[in-house]
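These are the residues of each chain, in order.
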Amino acid sequence: MIYLLLALVTAFVGAAPLFVARKPIAALITFAVAALALWPIYYATMPTLVWPLWGAVGVLVIVLWLGCGVVASMVEERFSPAAWFAVAGVLILCGRGCSGCGAFRAGDYAGMIGQVDSRVWTQDIQPKDPRHIRLVPAEMAMWLGDKQLGEAPGAIGSQFQISWEHLTLQMIRGELWYAAPLDFKDFGAWQSADVSPGYVLVHAEDPLKQVIVKTDEKFAYTPGAYFGRNLERLLRCNGYLDKGLTDYSFEIDESGKAWWVVTVFSPSIAWSGEKVEGIVIVDPSTGAQEFHPVGKTPDWVDRVVPSGFVKNYIAWRGSYAAGWWNSVWAEKNITEPGDTTLIYGSDGAPYWVTDVTSSNQNDQSLVGLMYTATRTGRSIFYHAVGGTDQAVITAVNNKVSFRKWHGAGPVIYNLYGTMASIVPLLGENHTFQGVAIVRIDNLQVAIGDDQYAALREYQKMISQSGQQIAPELAHAKRSLAGKVDRFAPEIKEKETLYYVHLSGVKKLFTGGSTLSAKLPLTRPGDEVSITFIDSGEDVEPMLNFDNASLPLEKTAAQRAVEEKARERRDNVEAEDPAALRQKVNGLSDDEIKELLRLREEQKRQQK
């Protein structure tokens, strides 16, 4: 009924020029024809009145005015007064459009993202538990879901299909899952079945875990349903005709109940500048709806601010932060967003992580990473050096393409204080083959059969590179001295890794020959000192190694060079807390003093 009323109003306003021109018969005919034509069009397309000039409805009114003006002028063989409506409508439309262009509203566009804080990445992003790393990319989840649906009892795949368009990655009871609803294949399936039986769950952490096909639900309202059961039509006809609706997400609450979560927005800069107002949660079974504004959404809801909006905000900030003229002429410090990935931080909260690069289309180097909270839209920028997601995938594919594997769905994590991207490896038929870990700053790749093997290879790569790992609060460096009671080399792919065990220490330590010339000569019984990252794991990569049982004479120049190298790697000078905070922004005085104490202790042990 609402679309019939909208069609009648549009037709009446559209025919108004003919009434003004005193052509009532032509006006009535135009009104009747327009109303009959627009009713099914509106019902099928479900337009929204949220946009300026009521969006498509206002544009259609101006189109009708143009038609009326042309017809009236032809009949009267002169410029009819009815044509003035068309002239006014076109001018209003053009003026309203120009009012939102970047030349006039650059500051508004740049400010859409809100206040952006710049922080230290390793300070905020704590190391990820390897048990909760996402190893199943969306590509693999789709393949697993389709395979399991084909094997489900009752041949439900004949009537229903998995709606991958609404695939949603989410945290359910502390584990990552993909959820996707079952929707009707076509009108015939909808007419005969009436309700959808449920949804599919694919575990996002364990590629070997059984896919769950839940078929005991009765979902009447879905995007694939028809007439009054269509999800968008349900909302448009129940209070959301003048609201923007986007990002129809299928989410599961902590009790296992499924809901539709739809973002409600409105434009703030002419036809652009979409601003999120909140979400409307819809029960798929009953159609009951409840609106929640931003900041007051239920804890189980992960999708409030859509990724598309986030990319637009970052793009506008990168283009217009220094003004519109700079964006088209000087192009100084212009940045643009890359790929956007959903991650769950150490606090359990969901974030959109977006690569930020320069505007050079051939540039695959990071300027930084933008972390945007999906529930509030608050963004934090982290300066980063290294490759984008695309560069990471290229590095991985170069390593495994000869096996006919490929990388998919890279996700950035903090591994041992380094910024690393974990990339699942898939075969030609989308099956899981292993895991690659790529160090972002130099695009070195470590590969393993699973995340644990890949982490071990990553430890080897770090140890053999001789590069220092950045200290951070959760995984501070530690130094130990003791007697070796177990020592063994492992040769793999022309590389030798040494395992060291100290008497009374319940850990193994690993390192390559590049770490120290004394390491290959070490034997059980030797007194050694080791510096490592205390990650809590049973095997730790060594950062420094020295064997006191093998004293070697060094020249004064060599000692000076090594001392300078240690200072550069440590990057912690004997400064007062206020000056040091400028380097490690956000640390308290006590935390800075603790870092200084650790440094002095390491110096004493090394001497």
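Definitions and cut-offs
Residues numbered from 1 in each chain as written. Predicted model: local features only at pLDDT ≥ 70, side-chain atom pairs only at ≥ 80, totals over all residues. Heavy atoms only, no water. Helix = DSSP H or I, 4+ residues; strand = E, 2+ residues; numbered from the N terminus. Areas by Shrake-Rupley, 256 points an atom, 1.4 Å probe, with all protein chains shown as cover. Contact = heavy atoms within 4.5 Å. Pairing = 2+ DSSP bridges. Expected span 1.5 Å × (residues − 1). Buried < 20%, exposed > 50% of the residue type's maximum accessible area, 1.4 Å probe, protein only. Arc of directions from axis to C-beta. Phe/Tyr/Trp six-rings, centres within 6.5 Å; stacked < 30°, edge-to-face > 60°. Axes fitted to C-alpha atoms, helices over the stretch in contact; angles between N-to-C directions. Left-handed = near helix turned anticlockwise from the far one by under 90°. Nonpolar A, V, L, I, M, F, W, Y, C, P; charged D, E, K, R; others polar.

Next up on the list: the overall build of the protein chain. A count of helical and extended segments in the protein chain gives 16 helices and 24 strands. For the protein chain, the computed accessible surface area is about 28,700 Å², with 56% contributed by carbon and sulfur atoms.

So, about the environment of glycine 427. By the element assignment, glycine 427 lies in the loop between strand E17 (418-426) and strand E18 (432-439). Placed 22 residues apart in sequence, glycine 427 and tryptophan 405 show a C-alpha to C-alpha distance of 4.5 Å. Those residues within four positions of glycine 427 in sequence are excluded, and the remaining contacts are Lys404, Trp405, His406 and Gln433.

Okay, the pairing of strand E19 (residues 445-448) next. As paired strands, E18 and E19 are joined by four bridges and run antiparallel to one another. Opposite isoleucine 437, over in E19, you have alanine 446 as the bridge partner. From the end of E18 to the start of E19, which pair antiparallel, there are five residues, and leucine 443 there has a positive phi angle of about 60°.

A separate point is helix H3 (residues 56-76). Here H3 spans 30 Å end to end across 21 residues, near enough to the 30 Å set by a 1.5 Å rise per residue. Taken as a whole, H3 has its buried residues at Val57, Gly58, Val61, Ile62, Trp65, Cys68, Gly69, Ala72, Ser73 and Glu76. End-on view of H3: buried residues confined to an arc of 140°, all on one side of the axis. Facing away from the buried side of H3, by more than 90 degrees, are the exposed residues Met74 and Val75. Looking at the buried residues of H3, the elements they touch are helix H1 (2-20), helix H2 (24-45) and helix H4 (83-98). Backbone geometry just downstream of H3 places glutamate 77 in the positive-phi region, at approximately 55°.

Counted under the stated rule, the structure contains 28 aromatic pairs. Aromatic pair tyrosine 3 and tyrosine 43: ring centres 6.1 Å apart, planes at 85°, arrangement edge-to-face. One end of the pair, tyrosine 3, is in helix H1; the other, tyrosine 43, is in helix H2, and 40 residues separate them in sequence. Look at tyrosine 3 and you get buried, because its relative accessible area is 1%.

Moving on to the packing of H3 against H4. Contact geometry for H3 and H4: axes closest at 7 Å, N-to-C directions at 145°. Along this stretch, H3 crosses H4, giving a crossing that reads as left-handed. The segment H3 lies against H4, with Val59, Ile62, Trp65, Leu66, Gly69 and Ser73 engaging Ala83, Phe85, Ala86, Gly89, Val90 and Leu93. For the contact of H3 with H4, a count of residues per class yields nine nonpolar, three polar and no charged.

This part is about the packing of H1 against H3. Running from N to C, H1 and H3 point in directions that differ by 30°, and their axes come no closer than 8 Å. As H1 packs across H3, the resulting crossing turns out to be right-handed. Seen from H1, the contacting residues are Leu6, Thr10, Ala11, Val13, Gly14, Ala15, Pro17 and Leu18; seen from H3, they are Val57, Leu60, Val61, Leu64, Trp65, Cys68 and Ala72. Class assignment for the residues of the contact of H1 with H3 results in 13 nonpolar, two polar and no charged.

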